[in-house]
Amino acid sequence: MGRNDPCPILITGGGRRIGLAIAHHFLNQQQPVIVSYRTFYPAIEVLQEAGAVCIKADFCHDEGILAFAEEVKSRTHGLRGIIHNAGAWVPEKPGAPITEVLCAMMQIHVHAPYLLNHALESLVRGHGHAGGDIIHFTDYVVERGSDKHIAYAASKAALDNMTRSFARKLAPEVKVNSIAPSLILFNEGDDAEYRQKALNKSLMKIAPGEKEVIDLIDYLMTSRFVTGRNFALDGGRPLR
């Protein structure tokens, strides 16, 4: 990308669901996008045809994370922002070694954003006051824990804390915030009974869809003042 082109937004895990919707949102605004993906979906080809730079990456080990960072640096001289959407939801269950569960959750939710934020710091800096943004996706369970996803909740809590640390480190050039969703959208295979049970957990009793997340991202990236904060998207679930 040339020096006079708009700097792209990097979205990790952009091949499906919320990450994919975010990528298309920015592309529709003529905003360049770089997307990471681990598994190829037909949606990746659609993103490429729309103009996105799509880079296959494996964040399951540090070498893959750092190799991805080097590839990003070879593609652009700067980044408008980084949206850390890549994640996994692995429970503790019989037959799954708990050490492997913990390592996997910390790798994707802590190692990846930590290493990428450091490796790509020079790309998000240098655009003036509040000219860059980093957004982490944490989770509603950060506040209350989870008896079935202990490692997952712990890794998201670490990411929540890291939001404040990077906000301190990168201000005032780069704003760093996090979004903590609860139920945003269902999976195609979720049956009616499960859906109703999930909806009943919040005050608002809806699955609002990706637009709710996109609207908040737009706000955070437009603001020139908000940093180091966590924004709950949970439909009032803690008040149930």
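As recorded in an unreviewed UniProt entry, the protein chain goes by Dihydromonapterin reductase and comes from Pseudescherichia vulneris NBRC 102420. UniProt, in the comment section headed Function (unreviewed entry), describes the protein chain in these words: "Catalyzes the reduction of dihydromonapterin to tetrahydromonapterin. Also has lower activity with dihydrofolate." Looking at the protein chain in UniProt, the text filed under Sequence similarities (unreviewed entry) is "Belongs to the short-chain dehydrogenases/reductases (SDR) family. FolM subfamily."

(A) Geometry of the overall build of the protein chain. When helices and strands are counted, the protein chain shows nine helices and seven strands. Since a compact globule built from 240 residues should have a radius of gyration of about 18 Å, the 17 Å found for the protein chain is in line with a globular shape. Across its three principal axes, the protein chain shows a C-alpha extent of roughly 50 × 40 × 35 Å. Out of the 240 residues belonging to the protein chain, those deemed buried represent 49%. Of the roughly 12200 Å² that the protein chain leaves accessible, carbon and sulfur atoms contribute 54%. Charge separation in the protein chain, taken as the distance between the mean sites of 26 positive and 26 negative side-chain charges, equals 5 Å.

(B) Inspection of the pairing of strand S1 (residues 9-12) at higher detail. Burial along S1 is two-sided: the residues Ile9 and Ile11 and Leu10 and Thr12 are all buried. Looking at chain direction, S1 and strand S2 (residues 33-37) are connected through three bridges and run parallel. Bridged to isoleucine 11 within S2 is valine 35. Once the chain exits S1 it traverses helix H1 (residues 17-28) before rejoining the sheet at S2, and the crossover so formed is right-handed.

(C) Looking closely at the side chain of asparagine 117. Turning to its location among the elements, asparagine 117 is positioned in helix H4 (residues 98-119). Here histidine 84 takes part through its side chain, which lies 2.7 Å from a polar atom of the side chain of asparagine 117.

Rules and cut-offs
Residues numbered from 1 in each chain as written. Predicted model: local features only at pLDDT ≥ 70, side-chain atom pairs only at ≥ 80, totals over all residues. Heavy atoms only, no water. UniProt positions renumbered as here; feature names shortened; annotations may be inferred. Helix = DSSP H or I, 4+ residues; strand = E, 2+ residues; numbered from the N terminus. Rg over C-alpha atoms; globule rule 2.2 N^0.38 Å. Buried < 20%, exposed > 50% of the residue type's maximum accessible area, 1.4 Å probe, protein only. Areas by Shrake-Rupley, 256 points an atom, 1.4 Å probe, with all protein chains shown as cover. Lys, Arg positive; Asp, Glu negative; His and termini not counted. Charge placed at Lys NZ, Arg CZ, Asp CG, Glu CD. Pairing = 2+ DSSP bridges. Right-handed = clockwise from strand over helix to strand, strands pointing away. Polar contact = N/O pair within 3.5 Å; in protein donor to acceptor, adjacent residues only side chain to side chain.

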